[in-house]
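Chain residues, written in single-letter form:
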Amino acid sequence: MLQSSQSTETPGFMALMQRGSRLHHEGDLPQALIAFEEALQALPGNLDACSATATMLSLLGRPAAAYRLLLEVETGLMATADGAANLAIAAESCGDMPKAYSAYEQALQIDPGNLRALTNVGLISASLSQWDMAIACARKCVAMQPADLNHRQTLSDVLTSARRYPEALSVLQEAGKAFPGYLDITIRHITVLAFSGDLEGATTLETGLDGAGKAHLREFLAQSLQRSATSSFELLPPGSPFSALQLFAVQAYAAMAECDWRNNSRLSELTRDVLIHGRPQDFSTLGKDCQLYALTLDLNDAELVQLNSASFAAAVNNRDTPLPAFVPGARKRTSPKDERLRVGFAIHQLQQLPALRQQLSCCDRSSFLFHVYSFATPSEPYDEDALRPLPITLVEMAHMTDAEAVGRIRLDALDIYVDTTPEARWYRPQLTGARVANVQLGQHNWFSGLPACWDYTMSDTFVHPENTEPPSHGAVVRLPATCWLETHAEQPAAAVPARESLGLPPYGFVLCSQAMPVSLDSFSFLQWMDILRVLPEAVLWLPACNAKAAVHLVREAETYGVQAQRLVFSPPMPAADMLASLVHADLVLDTLRVNQPQEIEDALRLGIPAITCTGTGMASRIGGSILRAAGLAELVTDSPAEYVKKIVELAHKPEALQGLKRRITAARTSSHPFDLASRLKGWQSAWTIMAQRSRMGRAPASFDVPSPPDGSHGASG
């Protein structure tokens, strides 16, 4: 509630104010508002009357009117700490955060001990990931009122949000001594222990709760911590038993998605422990997210294969009711004369349709019929008219149960089912696990190990060189050039944003990575910091990072001795503008553990060189696959040391860099990565061979797709 300030008043004015206060106390807010408004008319500009009227307007759901009223007397309000705090609260309720923050600062300048201002400045700072300020404010509140438990809880919550778990535990331990047996302290203690990786400690405390305490813990997790936007499951799904491992995994994945790598060592340790001693349900607890995030952890290939296989099996088997068995050929086609191969695509969401439409428009319509299944709830309508000319049927499946989705897909009597969703939140491995087509595969298999229900791994001669196919990858189909198929439908904006508008310096070497925070790993970042230390005039441009990731990356950079201004984070902008702005990059850097193939393709079609470092699996070799297919083998390095050396060398040789740009520009009319139709021919040929083997009753087997007779990289159908 807004507080009033002192001012001079008349007897009639006082009577109106007293009447308004009495009505407010009695709960008659509309009549109280009328009384305060009459008082304000009697003495215009009176701070007490303005504050009281604004309070009633806020309580009656009219915050904008309250804020406008207080702005009329802003000068008077800003003269006192309480008045400035009142204005700040009103501004914050209307979303005017700059005004709110400045008013809170004014309140604290007048009275450094103003608790309302301290508390709210801390909360605003926390929402902006300005953790030092948020924690300082919360600590000061505790120091001023040590007997107030709310301040201690706020401090522990802020420290937990900042992932400063040892400090949060220290605060909770002190609070537990001051307020023994207090349930809210206990549930926070359980949560922080789980988040910090002390699974045994968290489980022991949770076991000691009674039924009401356990319910309160779940309510706290649901209301205070919320579901992570980067996770595919809730902290504790309704009805599931308490799992400290799941709590730890959820927060660890959320941290990694913001480039906060402080828990990576503990996550690697616990993941290895699950691999050695874990039960099947432990892999389900870790969730399918571990398949993606584990790629950036310090795990070896054998561990990744085991983790992928076990996690996929746990996701497929995590069902209350079994799905109907698949019977090959049980469903007759409605048109016996239609000999076209039926290929189904599982996609994340309808926003993928422009790129998919671009791909399928290049396919042989006389030989293929396509079905598209979207698993995410659509956030916006799609262009139905644009799909009508294509041999496509589209089915939205977000509302269907697994059994309904399996039954619906089987109605289409698919020859080939292509899953493009494994790394997405909406991935439904139960569908492929139940088998919906004679032949099933993933469009790309970033993870080491092949799910048992995938029959083939789509690859190429670089990702899987001859005689180096690991058994865990099953049957490998090697395309003659790159197996990368995705492409963005967006075109660069006509106008190129100025360097200054992007935060880039007027001069200097610009190294760029568009890797999303979720796939940016600490090992790649370490190499980039080594490069920046050697190239004092260079900057690292990270236009894809969000504000929270930027805070963590700046902290990491300063840890490695690199000043914060050497990292440049562009403001959010439309995809077309972002593509157009890439012309300011001198060199695009690929991440080492999970390559960024779309980033490389975007860079090449804009004439910008990109450089990669190859590893052992598809996730770390797909970048090299694209660059070699584009005739840029010299930009494919074999070790981190060579990667760093090559980048530094190019920065010192601008003429060599310009030569690369000229070669890329010339290759855009003939090189395989820029020829979508040629790429699709190879895939069509592969689909045809797979379907023929299946119809003949032959098991999946590895094969190479031959280059076409004309010598181009496409494959004949």
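Residues numbered from 1 in each chain as written. Predicted model: local features only at pLDDT ≥ 70, side-chain atom pairs only at ≥ 80, totals over all residues. Heavy atoms only, no water.

Describing the pairing of strand E1 (residues 341-347)
Put simply, the rule reads: In this scheme, a residue with accessible area under 20% of its type's maximum is buried, one over 50% is exposed, and one in between is partly exposed, where area comes from a 1.4 Å probe on protein chains only. Think of it this way: any DSSP run of H or I at least four residues long counts as a helix, any run of E at least two long counts as a strand, and we number them from the N terminus. What makes two strands pair is DSSP finding at least two bridges between them.
Counted residue by residue, E1 has 7 buried out of 7 residues, so it is predominantly covered. Every second residue of E1 is oriented toward a common face, with Leu341, Val343, Phe345 and Ile347 on one face and Arg342, Gly344 and Ala346 on the other, all of them buried. Of the strand pairs in this sheet, E1 and strand E2 (residues 368-374) are connected by 7 bridges, and their pairing is parallel. Bridging from a neighbouring strand, alanine 346 pairs with tyrosine 373 of E2. The pairing of E1 with strand E4 (residues 416-419) spans 4 bridges and is parallel. Looking across to E4, one finds that valine 343 is bridged to isoleucine 416.

Structural notes on the nonpolar core
Nonpolar side chains tend to gather and get buried jointly when the protein is soluble and globular. Inclusion rule: Here the nonpolar core consists of buried residues drawn from Ala, Val, Leu, Ile, Met, Phe, Trp, Tyr and Cys, with membership extended through side-chain atoms lying within 4.5 Å. Contacts: residue pairs with any heavy atoms within 4.5 Å of one another.
Counting 153 residues, the largest nonpolar core has Leu511, Trp528, Trp541, Trp687 and Met690 as its most contacted members. Residue contributions to this core peak at 8 residues, all from helix H15 (residues 244-256). Excluding residues within four positions of it along the chain, leucine 511 makes contact with Ile531, Leu532, Ala538, Val539, Leu540, Trp541, Leu587, Leu589 and Ile647. By size, the runner-up hydrophobic cluster in this structure holds 43 residues, among which are Leu40, Met78, Tyr101 and Val121.

Topic: the confidence of the model for the protein
Low-pLDDT stretches of the model should not have their predicted coordinates read in fine detail. Under the convention used in this document: Per-residue confidence from the predictor is reported as pLDDT, a score between 0 and 100.
Residues with a pLDDT of 70 or more make up 86% of the protein, whose mean pLDDT is 86. Between residues 227-233, whose pLDDT stays under 50, and residues either more than four places distant or in other chains, the model counts 24 contacts. This model gives residues 711-717 a pLDDT under 50, and the stretch forms 23 contacts once residues within four places in sequence are excluded.

Quick notes on the sheet that holds strand E8 (residues 510-512)
What counts is decided by this rule: Here, axes are lines fitted to C-alpha atoms. For helices the fit covers the stretch in contact, and angles between N-to-C directions go from 0 to 180 degrees.
With parallel pairing, the 6 strands of this open sheet are ordered in space as E10-E9-E8-E11-E12-E13. In the strand order of this sheet, the two ends are held by strand E10 (567-568) and strand E13 (636-637), each with one partner. In this structure, strand E9 (residues 539-541) lies alongside E10, joined through 2 bridges in parallel fashion. Within the sheet, the bridge partner assigned to leucine 540 lies in E10 and is leucine 567. Across the face of the sheet, helix H28 (residues 622-629) comes into contact with strand E12 (610-613) and E13 while running at roughly 135° to E12.

Some remarks on the packing of aromatic side chains
Test applied: Two rings from Phe, Tyr or Trp (for Trp, the six-membered ring) form a pair when their centres are within 6.5 Å of each other. A pair whose planes differ by under 30 degrees is stacked, one over 60 is edge-to-face, and the rest are tilted.
One pass over the full model with this rule turns up 11 aromatic pairs. Between phenylalanine 368 and tryptophan 687, the ring centres sit 5.7 Å apart and the planes meet at 70°, which makes this aromatic pair edge-to-face. Here the residue phenylalanine 368 occupies a position in strand E2, and tryptophan 687 occupies one in helix H31 (residues 676-695), the gap between them amounting to 319 residues. A relative accessible area of 0% means that tryptophan 687 is categorised as buried. Ring centres of tyrosine 373 and tyrosine 417 lie 6.5 Å apart, and the angle between their planes is 40°; on these two criteria the pair is classed as tilted. Separated by 44 residues along the polypeptide, tyrosine 373 in strand E2 and tyrosine 417 in strand E4 bring together distant segments of the chain. Both residues of the pair, tyrosine 373 and tyrosine 417, count as buried.

Considerations on the sheet that holds E4
Reading across from one edge, E3-E2-E1-E4-E5-E6-E7-E14 is the order of the 8 strands in this open sheet, with parallel pairing throughout. Here the strands that pair on one side only, and so sit at the sheet edges, are strand E3 (392-396) and strand E14 (703-704). Where E4 and strand E5 (residues 439-442) come together, 4 bridges link them in parallel fashion. Considered in E5, the bridge of valine 418 is made with leucine 441.

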